[in-house]
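Results of the structural survey
Here is what each chain is made of, one letter per residue.
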Amino acid sequence: MNIENTASQMRKGVLEFCILSIIRKEESYPSDIIEKMKAANLNILEGTLYPLLTRLKNADHLTYRWVESSSGPPRKYFILTEKGEAFYKELETTWLELSNAVKALTT
Amino acid sequence: MKQVININFQGRVVPIEVTAFEILNQYIDSLNRHFAAEPGKEEIINDIENRIGELFQERLDSGSNCITEEHVYGVIASMGRPEDFDSDAEKVEQVLHTYTDQRRRLYRDENNKKIGGVCSGIANYFDLDVTLVRVLFILFALAGFGILFYLILWIAVPGSSVAVIGGPRKRLYRDTDEKIIGGVCSGIGHYFAVNPWLPRTILLVLLFSTAFKWTFGGIFNPENVFIIGLSPTIILAYIIAWLSIPAAKTTAEKLEMKGEKVDFNSIKETVVAGMQSSRPRFDNSPETPQTPVQKNRSFIDILALLIKIVMYIILGFIGIIVLITLIAMVIASTQIFPYKGFIISDGFQNYMAWGSLIFFVIVPIVGFLVFIFRRLARIKRKSNVYRYAFLTMWIVGWFCSIALGISLQNDFKASSDIIENNIALENPDVQILNVSNQLKSPRHYKIRWNNISGLALLNSDSIMISNVHIQIAKSDNDSFKVSTIKMSEGPNRRVANRNATAIKFNVFQQDSTLVIDKDFPITKDEKFRNQMVVVTVYVPVGRKIKVEKNVSASSRRNSNLLIVTDNVERAWRKGTTYIMTEDGLYTTDGKKASRHNDIDDEEDYNDGPDLRDKKPGKRRIIIESEISKREKNKNIKADKTPDAIVIPKVKLAKEQEMPLKEVSWNDEFNLDAGYNHISMSAQ
């Protein structure tokens, strides 16, 4: 149990960063994001993603637009705002610092 | 074959199975609840529903014509359930085994427990091996105080789950969901995290412990077990607990009762679990939202189960015995029914008698049968109405019986005066008097099923009682004399006298035979109130007497009644001819009348100090202890000597003679019911 604990704590830490990275590369819709994360071996549940996206949107880091789709309901495509871009930069810095520190300590 | 409905889901029409729809509904409800506090919740839910809609669309497009349960499960699995969503509000994880990390504090280890985890906690605290600590405890228990010690520790030392701040607190509640009577034992079980049947068993054992004391001492009397044997202390303790321990009503209280964390998640789980008890669960993921079941079936559970079975058997056994007793009482009362009018007076007593029969005897029988029937037919008890109704009626029955008993006892309270008839016999030249019953007795009509001896109906209005005693005494003059003494009891002196006077008992002489009635009738008016007739035959010295064997009158001393007459013969046999001498009755071949009456007692019974040694008119005082010693040996009720007054436990060194006041027959006596000491003066 302890390891799951810690592992999930670690994941939580980097989630936002990863999601913002994906959206930064290209505007995506939620299930797309999940696919990409799965491809990168970082599984996330939809129920986790949606609230996160909404929070980011409410914090003005993200914005979206509706795109009609031929198959199925219209989709939300998310894109980074300026504020989101700045936020992303900060996250990136933090991440680099952290990963360097860990690397230094574990070798 | 399942019913399919069409729903409007996110603006599209989706055909879906009814059961699948319900599952979907629940899921969305759970999402709603999960995100209730979240800002932007509608949007989130909308997005999720959207996603679900997409997934449904994929399924439909790939060939299914409706959404099935499996589809819904699959969708939910991929979306995840609310409990799994990582959220900003991090869960406080239960930190198990914290006591190894924190500074050393004494906790109970509830994950390593056999009974309460006390020994594990102690072992951990002192760095000892668990088994060693357990063995030590068992030794303490055998020494006596160990069990109490363990219980105190169990209550006082906190469980390991309390180590976390904000962790679950355990509080003692009554569990009204899982109650047998009041939920006291269930609540106690939850608090100690044991199977509730363990405290129940202990309770029952203590409850019946006094019962077993009674039955081991004497005969196993089922009424004793049922009434007296239930320990009142235990009942009182249970009632106090019932009143003082609160019942767990709200979900938060119920969680506290079980010692679980009270937070949004657990409350939601409890509520959902309650609602979904009959629905299938989505359990594809490892964590299932169930209230935690006892993970390790400790050996106490198995033991409790065994004890439960044994207790059920014992209770069933007792129940059967009680049932049989009650049925026997019913049968007995039908037997006595024809004679009912002779004992029970109309009006109050009658009602009480019927009331007793119905409420005290029949109602429990019916209640038992109904209870057994319902158990066998597995009819769930919808309400407690039956229980309370039967209980109330039975209590009414108790009142009736007690009232009847008191009322009846009242009727026997006072005794009558002695009504005596003296008959001087004609023809004093008779040498030998034969005493016999009437050779031909009037036709008596008997109820066929009764074989109670001594009670036969003369006609439908009166009953024959053969409560007749016969005595022989020495006549103080030259002629035979017969006296009949009639006695009775009643609610007061006047009624008692009336009852006594109403006794019709005939004695007449036929040449040299004295014929006495075998029995006497009493009517429903007088009722049976311990009516009694004593016939005393006075035989002059030098004459003979023989009491025929057909005389049914009892010649044995009635232990309740003591007629103190000078010179009453204490021991003579029917069917033997005796001659009266100065010294008392002797058989014709010179042997002193001995004590064999109709008893099977073969031994010669020595009367002890011969009371006829003294001159008549004087009395002697004999120390009771001597008599009782003798009586005890023969297992006969303490027979009081006829012409002496027995003083209990007076320490008299030797027999003394004390002249006592001569009393005459007409004085008023205070006669206590049951102990009639009547002294007759010798004229």
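Keep in mind that what you see is a predicted model, and the values were worked out from it rather than measured. (Residues numbered from 1 in each chain as written. Chains lettered and ligands numbered in written order. Predicted model: local features only at pLDDT ≥ 70, side-chain atom pairs only at ≥ 80, totals over all residues.)

Quick notes on the overall build of chain A
A count of helical and extended segments in chain A gives 4 helices and 2 strands. Helices (α) and strands (β) of chain A occur, in sequence order from the N terminus, as α-α-α-β-β-α. When each of the 107 residues of chain A is scored for burial, the buried share is 24%. In chain A, the share of contacts with a sequence separation of at least 24, taken over all contacts with a separation of at least 6, comes to 40%. (Helix = DSSP H or I, 4+ residues; strand = E, 2+ residues; numbered from the N terminus. Buried ≥ 20, exposed ≤ 12 C-beta atoms within 10 Å, placed from the backbone. Contact = placed C-beta atoms within 7 Å.)

Observations regarding the overall build of chain B
A count of helices and strands for chain B gives 19 helices and 22 strands. For chain B, buried positions account for 24% of its 683 residues. Sequence-distant contacts in chain B: of pairs separated by 6 or more residues, those separated by 24 or more amount to 68%.

As for the confidence of the model for chain A
When pLDDT is averaged along chain A, the result is 89, and 97% of the positions lie at 70 or above. Across chain A, element-level confidence peaks in helix 4 (residues 82-106) of chain A with a mean pLDDT of 94 and bottoms out in helix 3 (residues 46-58) of chain A with 87. (pLDDT = per-residue confidence, 0-100.)

Quick word on the pairing of strand 1 (residues 4-9) of chain B
All names here are of chain B. Pairing geometry for strand 1 and strand 2 (residues 12-17), over 6 bridges, is antiparallel. Bridging across to strand 2, Ile-7 finds its partner in Val-14. Counted between consecutive antiparallel strands, the loop separating strand 1 from strand 2 contains 2 residues, among which Gln-10 sits at a positive phi close to 55°. (Pairing = 2+ DSSP bridges.)

Some thoughts on the packing of helix 3 of chain A against helix 2 (residues 41-61) of chain B
Contact geometry for helix 3 of chain A and helix 2 of chain B: axes closest at 9 Å, N-to-C directions at 135°. With respect to helix 2 of chain B, the element helix 3 of chain A is oriented oblique. Taken as a pair, helix 3 of chain A and helix 2 of chain B cross one another with a handedness that is right-handed. When helix 3 of chain A is examined against helix 2 of chain B, the residues A:Glu46, A:Gly47, A:Tyr50, A:Pro51 and A:Thr54 are found in contact with a partner set consisting of B:Glu43, B:Ile44, B:Asp47, B:Ile48 and B:Arg51. Each residue belonging to the contact of helix 3 of chain A with helix 2 of chain B can be placed in one class, and the counts come to 4 nonpolar, 2 polar and 4 charged. (Axes fitted to C-alpha atoms, helices over the stretch in contact; angles between N-to-C directions. Parallel < 35°, antiparallel > 145°, perpendicular 65-115°, else oblique. Left-handed = near helix turned anticlockwise from the far one by under 90°. Nonpolar A, V, L, I, M, F, W, Y, C, P; charged D, E, K, R; others polar.)

Quick notes on the nonpolar core
Counting 37 residues, the largest nonpolar core has B:Val435, B:Ile472, B:Val533, B:Val535, B:Val537, B:Val539 and B:Ile545 as its most contacted members. The biggest single contributor to this core is strand 14 (residues 532-539) of chain B, with 7 residues. Once residues within four sequence positions are removed from consideration, B:Ile545 is found in contact with B:Ile432, B:Leu433, B:Val435, B:Ile472, B:Val537, B:Val539, B:Tyr578 and B:Met580. Judged by nonpolar contacts, the second largest core, of 33 residues, contains A:Leu56, B:Phe21, B:Leu31 and B:Leu55. (Core = buried A, V, L, I, M, F, W, Y, C linked by C-beta atoms within 7 Å.)

With respect to helix 2 of chain B
When the terminal C-alpha atoms of helix 2 of chain B are compared, their 30 Å separation across 21 residues agrees well with the 30 Å that a helix rising 1.5 Å per residue should span. At the C-terminal side of helix 2 of chain B, B:Gly63 shows a positive phi close to 125°. (Expected span 1.5 Å × (residues − 1).)

Concerning the interface of chain A and chain B
In this complex, chain A contributes 17 residues to the contact, which on the side of chain B involves 26 residues. Mapped by element, the contributors of at least two residues to the side of chain A that touches chain B are helix 1 (2-25), helix 2 (30-39) and helix 3 of chain A. With 7 residues, the top contributor of residues to the side of chain A that touches chain B is helix 3 of chain A. By residue class, the composition of the side of chain A that touches chain B is 5 nonpolar, 9 polar and 3 charged.

Re the sheet that holds strand 12 (residues 513-516) of chain B
The strands making up a sheet associate through hydrogen bonds between their backbones, and the pairing can be parallel or antiparallel. Residues and elements named next belong to chain B. An order of 11-12-5-15-17-18 is seen for the 6 strands of this open sheet, with the pairing classed as mixed. Strands at the two margins of the open sheet, each flanked by one partner only, are strand 11 (507-510) and strand 18 (584-587). Each neighbouring strand pair of the sheet contributes to a mean axis angle of 30°, computed without reference to strand direction. Inspection of the sheet shows strand 5 (residues 432-437) paired to strand 12 by 4 bridges, in the parallel sense. When the bridges of strand 12 are listed, Asn-437 appears paired with Ile-516.

Side note on the packing of helix 1 of chain A against helix 4 of chain A
Residues and elements named next belong to chain A. It is at 10 Å that the axes of helix 1 and helix 4 come closest, and there the two elements cross at 130°. Of the possible angle classes, the one that applies to helix 1 and helix 4 is oblique. For helix 1 against helix 4, the interelement crossing comes out left-handed. Of helix 4, the residues touching helix 1 (which contributes Glu-16, Phe-17, Leu-20 and Arg-24) are Gly-84, Tyr-88, Leu-91 and Trp-95. Looking at the contact of helix 1 with helix 4 residue by residue, the classes come out as 5 nonpolar, 1 polar and 2 charged.

A few points about the pairing of strand 7 (residues 462-465) of chain B
All names here are of chain B. Residue alternation in strand 7 divides its side chains into a buried set, Ile-463 and Ile-465, and an unburied set, Ser-462 and Met-464. The sheet contact formed by strand 7 and strand 13 (residues 520-523) spans 4 bridges and is antiparallel. When the sheet's bridge partners are listed, Ser-462 is paired in strand 13 with Thr-523.

Comments concerning the confidence of the model for chain B
All names here are of chain B. Across chain B, pLDDT averages 69, with 63% of residues at or above 70. Predicted confidence is poor over residues 278-295, with pLDDT under 50, and the contacts of this stretch with residues over four places away or in other chains come to 20 contacts. Here residues 447-455 is modelled with pLDDT under 50, and outside its nearest four sequence neighbours on either side it reaches 9 contacts, counting other chains as well. Two numbers describe this predicted complex: its pTM, 0.37, and its ipTM, 0.73.

Quick notes on the sheet that holds strand 8 (residues 468-474) of chain B
All names here are of chain B. Spatially, 4-9-14-8 is the arrangement adopted by the 4 strands of the open sheet, whose pairing is mixed. On the outer flanks of this sheet lie strand 4 (419-424) and strand 8, each paired with one strand and no other. Each adjacent strand pair in this sheet contributes to an overall mean axis angle of 20°, direction not counted. Pairing geometry for strand 8 and strand 14, over 7 bridges, is parallel. The residue of strand 14 that forms the bridge with Lys-474 is Val-539.

What to know about unusual backbone geometry
All names here are of chain A. With a phi angle near 70°, Asn-41 is a residue other than glycine that sits in the positive phi range. One can find Asn-41 in the loop between helix 2 and helix 3. Phi at Asp-60 is positive, roughly 65°, even though this residue is not glycine. Structurally, Asp-60 is set in the loop between helix 3 and strand 1 (62-67).

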